[in-house]
Amino acid sequence: MSVGTFIGQLARNSRSSQERRNQYFTALGMNGVLDINDTLSGGQLHAILNRMNDDRSNETPSYSTDGLKALMGPLIYGVLPPTPGPVFHLEQQLKENVIDQIEKDDRQWKKWYEVIKKQSIEGDKSERYIDSYIHIIKLHMYHPTLFGNSMTLSEQDYVIKIWYGFVETFFRCTDIEAHWGDTIPNIVLIYGIAMRMDSQPLDIINKSAPVYGIDEFEEEVFSSNYYKDKLKAVLSVKAHLNYLLTCNNIPDDEVNKIKYPFMLVAGFEIELYSLHLAAPGLYVLNSIHSAYFPTTVKEANEGSIKAVVSLLDCFKTICLNIKTYQKVRNETHQVNRRKSMNDRTNDTRRHSNSKSISSSTAPASSSNTSVDSTKWTRDIWDPK
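Enquirer: Explain the nonpolar core here, please?
Expert: Soluble, globular proteins show a tendency: their nonpolar side chains are buried together. In this structure, I162, W163, F166, F262, I270, F293 and V309 are the most contacted members of the largest nonpolar core, which totals 97 residues. When residues no more than four places from it in sequence are discounted, the contact partners of I162 are H135, L139, L146, F147, D157, F268 and F293. In terms of nonpolar packing, the next biggest core, distinct from the first, is built from twelve residues, I7, L45, A47 and V284 among them.

As structure tokens, this is what we get:
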């Protein structure tokens, strides 16, 4: 039995569960998506491990989670962008001039600021790395109450005061801009799913083109919200990945190299994921990076600025990779469909009588050399 068939069977057997985490894994299984990051009991990886150990012979040693990931390695892992050189340069300057010196926190931040603003990095004309460090340092210098226990931050506080400027900085001079607010990506609407996303990297020149990633924000990590937001993001990037493969000339041997990214942000914590087609009908969800926005000098000294800046840079790099694959076609006007009067009195979903929404709802490719979507992609199953 293939992995895709097993997780699908597992999902069909657990569709009656009302627990949010189980509903998340049910939806993933029905969509052919394997989440390799959740190793806890009740997750897909745990179920696969149990099945393998049940089927093994007495002479075969028990499989472990690490051993299972090693076996699945060719399906899971790809080449990730390296940590940017400018980050190493800035960290080295801080270590030589500031870190490990005994100072009060406010004086420490001022010293960090003085060192960073003097730097000039070759090849970074947009100064995105320097300004990212300065953004974090200035928040601590001029808005220290954001990081104390005396102030309770809402979701929008985190978005506007902490993350907005930070994310915007990384898309300078890339022809990509972050589109903020609870909006539904156009491609998601094509597949008949009404899911509002907090932020989407868009093409500046052609805003009718599909987005290059997804961002979801929440104020704290609550189990119900976490799995709800994560599922929204997974289904959204799957819709975009299906559309990209259906509408572009991508050779079969390139399909599993295309990773569609999304970020989940909960308060000061951020995690970067990617979804890709590892094999026909099997999508793999992988956690690429995780980091914490530094809330103290101690965390900054331990490398938290380096981690969060590297994560955002990696997200930008993957979005740019998607941009190179995504060839906007003449049919893009179909993506940016205006609301009609009929939408006010009728269900706009393409298949209102079925929860399985076929990838055939996407525009057909104009080329005979593009990937056969029926061979690689799977229909989108909407849990609603």
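Enquirer: Any chance you could explain the environment of S2 here in plain terms?
Expert: Note that S2 resides in the segment before α1 (3-13). On the accessibility criterion, S2 (41% relative accessible area) is partly exposed. Note: C-alpha distance between S2 and L282 (280 residues apart in sequence) is 9.3 Å. Within the structure, S2 has its side chain in polar contact with the side chain of T5 (distance 2.9 Å).

Enquirer: Sorry, what's going on with the pairing of strand β7 (residues 282-292) here?
Expert: It is a general feature of regular strands that their side chains alternate between the two faces of the sheet. Pairing analysis gives three bridges linking strand β1 (residues 33-35) to β7, with the strands arranged parallel. From the neighbouring strand, V33 faces β7, where its bridge partner is Y283. Note: strand β6 (residues 269-279) against β7, ten bridges, orientation antiparallel. By the bridge assignment for β7, L272 is matched with H289. Connecting β6 to the next strand, β7, in antiparallel fashion are two residues, including G281 with a positive phi near 80°.

Enquirer: It is not clear to me how the packing of helix α9 (residues 155-170) against helix α14 (residues 304-325) should be interpreted in this structure. Could you clarify?
Expert: Axis angle and axis distance: for two packed helices, these are the angle between their axes and the distance between the axes, and together they describe the pair. Put simply, α9 and α14 touch, their axes get as near as 9 Å, and they point 50° apart. When the interaxial angle is binned, α9 and α14 end up oblique. As α9 runs across α14, the sense of the crossing is right-handed. Residues W163, F166, V167 and F170 of α9 touch α14, and the partners they reach there are V308, V309, L312, D313 and K316. Of the residues contributing to the contact of α9 with α14, the split by class is seven nonpolar, no polar and two charged.

Enquirer: Please explain the pattern of salt bridges as it appears in this structure.
Expert: Side chains that carry opposite charge are capable of pairing whenever their charged atoms lie near each other. Summed over the entire model, instances satisfying the criterion amount to nine salt bridges. Here K323 makes a salt bridge to D203, at a shortest N to O gap of 3.5 Å. One end of the pair, K323, is in helix α14; the other, D203, is in strand β3 (residues 197-203), and 120 residues separate them in sequence. Salt-bridge contacts for E254 lead to K257; the nearest nitrogen and oxygen are separated by 3.6 Å.

Enquirer: Can you help me understand the side chain of D35 in this one?
Expert: Examined against the element boundaries, D35 turns out to sit in strand β1. You can call D35 buried: its relative accessible area is 0%. At 3.1 Å, the side chain of D35 and the side chain of K230 are in polar contact. Those residues in contact with D35, other than ones at most four positions away along the chain, are Y24, F25, L28, Q44, K230 and L285.

Enquirer: Can you help me understand the packing of aromatic side chains in this one?
Expert: Tallied over the entire structure, the rule returns 17 aromatic pairs. An aromatic cluster of at least three residues, connected via ring pairs, comprises Y129, F147, Y158, W163, F166, F170, F268 and F293.

Enquirer: Looking at this structure, I do not really get helix α2 (residues 20-30). What am I missing?
Expert: Helical periodicity: at 3.6 residues per turn, an α-helix aligns residues three or four positions apart in one direction. Counting buried residues in α2 gives eight out of eleven residues, a clear majority hidden from the surface. The N-cap residue of α2 is E19: its side-chain oxygen and the backbone nitrogen of R21 are 3.1 Å apart. Within two residues after α2, G32 carries a phi angle of roughly 70°, on the positive side.

Enquirer: Explain the pairing of β6 here, please?
Expert: Counting buried residues along β6, nine of its eleven residues qualify, which places the element largely inside the surrounding structure. As judged from the seven bridges shared by strand β5 (residues 260-266) and β6, these two strands associate in the antiparallel manner. Bridge pairing links A266 to E269 in β6. As consecutive antiparallel partners, β5 and β6 are separated by two residues, and within that stretch G267 has a phi angle of approximately 65°, a positive value.

Enquirer: Is there a simple way to think about the environment of D157 in this case?
Expert: Within the secondary structure layout, D157 lies in helix α9. On the accessibility criterion, D157 (17% relative accessible area) is buried. If near-sequence neighbours (up to four positions away) are discounted, D157 is found in contact with T152 and I162.

Enquirer: Just to check I follow, could you spell out α9 for this structure?
Expert: With 16 residues, α9 should cover 22 Å at 1.5 Å per step; its first-to-last C-alpha distance of 21 Å lies within 8% of that length. For α9, the full list of buried residues reads D157, Y158, V159, I162, W163, F166, V167, T169 and F170. In this structure, the buried side of α9 is in contact with α8 (128-142), β2 (176-183), β4 (214-218), β5, β6 and α14.

Enquirer: So what exactly am I meant to see when it comes to the packing of α1 against α2 here?
Expert: Direction vectors running N to C along α1 and α2 enclose 135°, while the axes themselves pass 7 Å from each other. By the angle between their axes, α1 is oblique relative to α2. The handedness of the crossing between α1 and α2 comes out as left-handed. In this structure, α1 uses I7, G8, A11 and R12 to contact α2, whose residues at the interface are F25, T26, G29 and M30. The class makeup of the residues in the contact of α1 with α2 is four nonpolar, three polar and one charged.

Rules of the game
- Residues numbered from 1 in each chain as written.
- Predicted model: local features only at pLDDT ≥ 70, side-chain atom pairs only at ≥ 80, totals over all residues.
- Heavy atoms only, no water.
- Core = buried A, V, L, I, M, F, W, Y, C linked by side-chain atoms within 4.5 Å.
- Buried < 20%, exposed > 50% of the residue type's maximum accessible area, 1.4 Å probe, protein only.
- Contact = heavy atoms within 4.5 Å.
- Helix = DSSP H or I, 4+ residues; strand = E, 2+ residues; numbered from the N terminus.
- Polar contact = N/O pair within 3.5 Å; in protein donor to acceptor, adjacent residues only side chain to side chain.
- Pairing = 2+ DSSP bridges.
- Axes fitted to C-alpha atoms, helices over the stretch in contact; angles between N-to-C directions.
- Parallel < 35°, antiparallel > 145°, perpendicular 65-115°, else oblique.
- Left-handed = near helix turned anticlockwise from the far one by under 90°.
- Nonpolar A, V, L, I, M, F, W, Y, C, P; charged D, E, K, R; others polar.
- Salt bridge = Lys/Arg side-chain N within 4 Å of Asp/Glu carboxyl O.
- Phe/Tyr/Trp six-rings, centres within 6.5 Å; stacked < 30°, edge-to-face > 60°.
- Expected span 1.5 Å × (residues − 1).

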